[in-house]
Structures are given as structure tokens and as C-alpha cells.
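Fold and contact review
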Amino acid sequence: MTAPATPPTAPAAPQPPVTVGVFTQRFSSTPRGARLARHLALHQLHSWGVPHGTEVSETAAVLVAELAANAVTHGRVPGRDFELRLALDAGTLTVDVSDTRGERRPPGPGATGFPAGDAETGRGLMLVAALADRWSVLDRVPVGKTVRAELDLRR
């Protein structure tokens, strides 16, 4: 007896490279958590092919640092974490930092003014507005807010 013939299979088609990457992580709402968020964001970008020390990497580092610091300083609820989400596609890096204090929303784009010369806060969103191609404040379901900054990679 002969074995049944196996049907021929088509050769595997080459797969296009992955062009979208998403990284999501929660961090403690502490200065240490904010530092770790920045560090892991740079590590993730490097693993996606955005090398340390490049303009995109350095800009992303400032965006993550400022948004995470704001979440820890102004959005902290004891016992609640903040969340960092990075999304990289072929043309845009999106940085989302979410916290659980929806009632404490920063002013939106265009509404941030210059802080007084002796003010101790208020400069972080000025940096975000200057470095990001777009930024916004979004509602977070079920509770809280997300501050999103987008960086165009094709300049």
C-alpha cells in the first residue's frame, strides 16, 4: 500500500516587515516611575530601530519625560498608576500618557501661556507644544485623561 499523496503547498509568500509597533506600560505615580518611563521608552524606540542619540529619540525622551512628570505631579491619585503608550507607524510616533485625574486637565493646545518669570511650574507643556507636531488632551475611559503628543517622522 502506498501513502496517500499530500497536496502540493504553495511556497510561503514573503511577509512585509512590521510597520506598526505598540508599547504600553503602567508605572507608579512617583518621580522614579517617571524616570523609568523615559528610560523604557528610549529602550523600546531603540528596539524599533530608532537609535539612541538621534533627533527622534532625543525629542521623544523630552516628550515622555515632560508628560510623565506632569502625570506624577498634577495627575497623581494615591495608589493609582499612570500609563505610557507608544505607537510607532511608518510616519508618526504617538506618545500617550494617561492618569486618573480627569478633573485636572491641562489647557489644550494654543491655550498654554508663558508662566511668570518666578513660577516654579508651567514650562513642561510649552516644551511639548514646541517639540511635538501635534498634541491634545483626551478623555480616558472609564476615568481620567490622556495627554497625547505626536511626532512626524518624515520631516
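Residues numbered from 1 in each chain as written. Predicted model: local features only at pLDDT ≥ 70, side-chain atom pairs only at ≥ 80, totals over all residues. Heavy atoms only, no water.

1. Observations regarding the overall build of the protein
As a reminder of what qualifies: By definition, any uninterrupted DSSP run of H or I lasting at least four residues is a helix, any uninterrupted run of E lasting at least two residues is a strand, and each is numbered from the N terminus. Using a 1.4 Å probe on the protein chains alone, a residue whose accessible area is under 20% of its type maximum counts as buried, one over 50% counts as exposed, and one in between counts as partly exposed. Computed with the Shrake-Rupley method and a 1.4 Å probe, the accessible areas treat only the protein chains shown as cover for residues.
From N to C terminus, the protein includes three helices and five strands. A total of 155 residues make up the protein; the buried ones form 35% of that total. Total accessible area on the protein stands at roughly 9600 Å², and carbon and sulfur atoms take up 56% of it.

2. Notes on the pattern of salt bridges
Note the cut-off: The salt bridge criterion pairs a side-chain nitrogen of Lys or Arg with a carboxyl oxygen of Asp or Glu, the two atoms within 4 Å.
Taken as a whole, this structure holds six salt bridges when the rule is applied. A salt bridge links Asp96 to Arg148, with the shortest nitrogen-to-oxygen separation between them at 2.7 Å. Taken as a pair, Asp96 in strand β3 (residues 92-99) and Arg148 in strand β5 (residues 145-152) lie far apart in primary sequence, 52 residues in all. Its relative accessible area of 26% is what places Arg148 among the partly exposed residues. Glu150 is paired through a salt bridge with Arg134; the nearest N and O atoms lie 2.6 Å apart. Pair noted here: Glu150 is in strand β5 and Arg134 is in strand β4 (residues 134-139), with a separation of 16 residues, a long-range link. The class of Arg134 is partly exposed, set by a relative accessible area of 37%. Here the salt bridges do not stand alone but share partners, grouping Arg85, Asp96 and Arg148 into one network.

3. Observations concerning the sheet that holds β5
Pairing between the strands of a sheet comes from backbone hydrogen bonds, and it takes one of two forms, parallel or antiparallel. As a reminder of what qualifies: Pairing between strands is defined by DSSP: at least two bridges between them are needed. Every axis in this analysis is a line fitted to C-alpha atoms, fitted for helices over the stretch in contact. Angles between the N-to-C directions lie between 0 and 180 degrees. Note on definitions: a residue-residue contact is assigned when non-hydrogen atoms from the two residues lie within 4.5 Å.
With respect to topology, five strands assemble into an open sheet ordered β1-β2-β3-β5-β4, the strand pairing being antiparallel. Both outer strands of the open sheet, β1 (21-27) and β4, are each paired with one neighbouring strand and no more. Taking the axes of each pair of neighbouring strands and ignoring which way they run, one obtains an average angle of 15 degrees across the sheet. Alignment of β1 against strand β2 (residues 82-88), held across seven bridges, turns out to be antiparallel. By the bridge assignment, Phe27 is partnered in β2 with Phe82. Of the strands in this sheet, β2, β3 and β5 are in contact with helix α2 (residues 55-74), which crosses β3 at around 15 degrees.

4. Description of the side chain of Thr59
One can find Thr59 in helix α2. With residues near it in sequence (within four places) discarded, Thr59 still touches Leu131 and Leu151.

5. Overview of helix α3 (residues 124-131)
Defined as follows: This arc describes the spread of directions from the helix axis toward the C-beta atoms.
Within α3, the full set of buried residues consists of Gly124, Leu125 and Val128. Viewed end-on, α3 has its buried residues packed into an arc of 90 degrees, placing them on one side of the element. In the core, the buried residues of α3 are packed alongside α2, β4 and β5.

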